[in-house]
Amino acid sequence: MTDTTAGQAQVQAQVQVQAPVQAADPARERLRRWRLVLGGDQADGTGCTLTGRDAAMDGALAALYGKGDKPQAGRERSAGLGASAPSVARWLGDIRDYFPSSVVQVMQRDAIDRLGLASLLLEPEMLQAVEPDVHLVGTLLSLHKAMPETTRETARAVVRKVVEELEKRLATRTRATLAGALDRSARVRRPRHHDIDWNRTIAANLKHYLPEYRTVVPERLIGYGRAARSVKKEVVLCIDQSGSMAASVVYASVFGAVLASMRSISTRLVVFDTAVVDLTDQLDDPVDVLFGTQLGGGTDINRALAYCQGRITHPAETVVVLISDLYEGGIRDEMLKRVAAMKASGVQFVALLALSDEGAPAYDREHAAALAALGAPAFACTPDLFPEVMAAALEKRPLPIPDPV
């Protein structure tokens, strides 16, 4: 199933659920819904005529999905959006009235891909009409070098809205999960008196309770070293900014900003294609990070890893996260040697084929197998799973690798 077909199927499924009920007759209602799904082909067999809101909803679907690769004779859905910015803006407003936000986002992506509307996003009025989401941000980032000055501030506002929503969704859980991992990794067996964690110490020694003295005699003290108050771990996010990685770049930038806000983690964020750009000094604002990327172009993973390797100061306390589909345009054998060298020095190496909500990505299976042979399995990761992956890497325990789809 193609991406467009999948998107259309999702929209059509929602049509059956979202379409308002107009008739009390269940049989007639089923015919009406099938008419919306089938698109009015004379041979669809429904014999149902749409009016009012149903007709308007059908028109919005027809503008996007009415022209297939092989048009059928008598097909009613023959409308289109053309290249008119006013008509597209009206259409964007219509679909927001007729469909829920999740479906609007699917239709917008299909419109950009199917009808070539990316260039119209360079106009401020168009950006004000769209429903912001991660995929739209990726499209804007790929276009931002070509944006006229009048559009850039509107584009930044769209990107910032999406970034702020992602931070609300992800930041609290990420900080809590990683803070716990850092605390556990900092635990010491012989803490100084001021560093004893009395709650955990008492809980661990309850079996040594002496009833006659009404007290616990601790045989094992649990506490944290003074290093817990300073930087304990270093994290390097190395992000492939080729066009196929757009959603991953967005999520990685947000996570980079969250990690950078934690005192106990020193975070470096590096993006690459055939060149390498260090955006660490912009991590206080993920929007600046995103507009510092350049989606598209080639890929040189080896060069990017060489740069990251040269900035590692404490290998045993460092986690390197490579986010890439592994389609290497550089020197493959050198890339693998570099990964092996980092792991041998004590670096925890994590390879993510994607960091997004999408399904299984396209990736170079040969390179993924080679990394797995080095003890660095490559897998796709959702944003919700990423905190757990990072916590496991920080604690040097097995990664929670999801089952393959």
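In the block above lies the structure referred to throughout.
Each value, and the rule that gives it
Residues numbered from 1 in each chain as written. Predicted model: local features only at pLDDT ≥ 70, side-chain atom pairs only at ≥ 80, totals over all residues. Heavy atoms only, no water. Helix = DSSP H or I, 4+ residues; strand = E, 2+ residues; numbered from the N terminus. Buried < 20%, exposed > 50% of the residue type's maximum accessible area, 1.4 Å probe, protein only. Contact = heavy atoms within 4.5 Å. Areas by Shrake-Rupley, 256 points an atom, 1.4 Å probe, with all protein chains shown as cover. Pairing = 2+ DSSP bridges. Core = buried A, V, L, I, M, F, W, Y, C linked by side-chain atoms within 4.5 Å. Axes fitted to C-alpha atoms, helices over the stretch in contact; angles between N-to-C directions. Salt bridge = Lys/Arg side-chain N within 4 Å of Asp/Glu carboxyl O.

Enquirer: Any chance you could break down the overall build of the protein for me, citing the residues and the numbers?
Expert: Along the protein, the regular secondary structure elements total 15 helices and 10 strands. A total of 405 residues make up the protein; the buried ones form 47% of that total. Put simply, of all contacts in the protein between residues at least 6 apart along the chain, 72% involve residues at least 24 apart. Looking at the protein as shown, the accessible area adds up to about 19,800 Å², and 50% of this sits on carbon and sulfur atoms.

Enquirer: Could you give an account of the pairing of strand β10 (residues 378–381), naming the residues involved and the relevant values?
Expert: Here β10 shows a clear split, with F379 and C381 buried on one side and none of A378 and A380 buried on the other. Sheet topology note: the strand β9 (residues 348–355)/β10 ladder contains four bridges and is parallel. Bridge pairing links A354 to A380 in β10.

Enquirer: Before we move on, can you summarise the nonpolar core with the specific residues and values?
Expert: W91, F99, M107, V321 and F386 are the most contacted members of the largest nonpolar core, which totals 84 residues. The element best represented in this core is helix α8 (residues 149–185), accounting for 10 residues. Those residues within four positions of V321 in sequence are excluded, and the remaining contacts are V236, L237, C238, V350, L352, F386 and M390. If you look at the next biggest cluster of nonpolar residues, it comprises 25 residues, including L305, L326, A370 and L371.

Enquirer: Give me the lowdown on the side chain of T151, citing residues and values where you can.
Expert: Mapped onto the fold, T151 is located in helix α8. Non-local contacts of T151, meaning those with residues more than four positions away in its chain, are made with L121, L122, E123, P124 and L127.

Enquirer: Give a detailed account of the sheet that holds strand β8 (residues 318–323), specifying residues and quantitative values.
Expert: Strand order in this open sheet of six strands is β7-β6-β5-β8-β9-β10, and the pairing throughout is mixed. Each edge of the open sheet is held by one strand with a lone partner, namely β7 (276–278) and β10. Between one strand axis and the next, the sheet turns through 25° on average, direction left out of account. One ladder, built from five bridges, connects β8 with β9; its direction is parallel. Along β9, the bridge assignment pairs V321 with V350.

Enquirer: Break down unusual backbone geometry for me, with residues and values.
Expert: The backbone of R214 sits at a positive phi, close to 50°, despite the residue not being glycine. Along the polypeptide, R214 turns up in the loop between β2 (209–210) and β3 (215–216). By relative accessible area, R214 is classed as exposed at 70%. You will see that K396, though not glycine, has its phi angle at about 60°, which is positive. With respect to the secondary-structure elements, K396 resides in the segment after α15 (386–395). Take K396: its relative accessible area is 43%, and that puts it in the partly exposed class.

Enquirer: So what's going on with the pattern of salt bridges? Residues and values would help.
Expert: Across all of its chains, the model carries 11 salt bridges by this definition. For the salt bridge of D278 with R268, the shortest nitrogen-to-oxygen distance reads 2.5 Å. Of this pair, D278 sits in strand β7 while R268 sits in strand β6 (residues 265–272), and the two are 10 residues apart along the sequence. A relative accessible area of 26% places R268 in the partly exposed class. Between R397 and E395 there is a salt bridge, and its shortest N-O distance comes to 3.4 Å. Exposure remark for R397: the relative accessible area of 35% places this residue in the partly exposed category. Among the charged side chains, a salt-bridge network with shared partners connects R169, D357 and D384.

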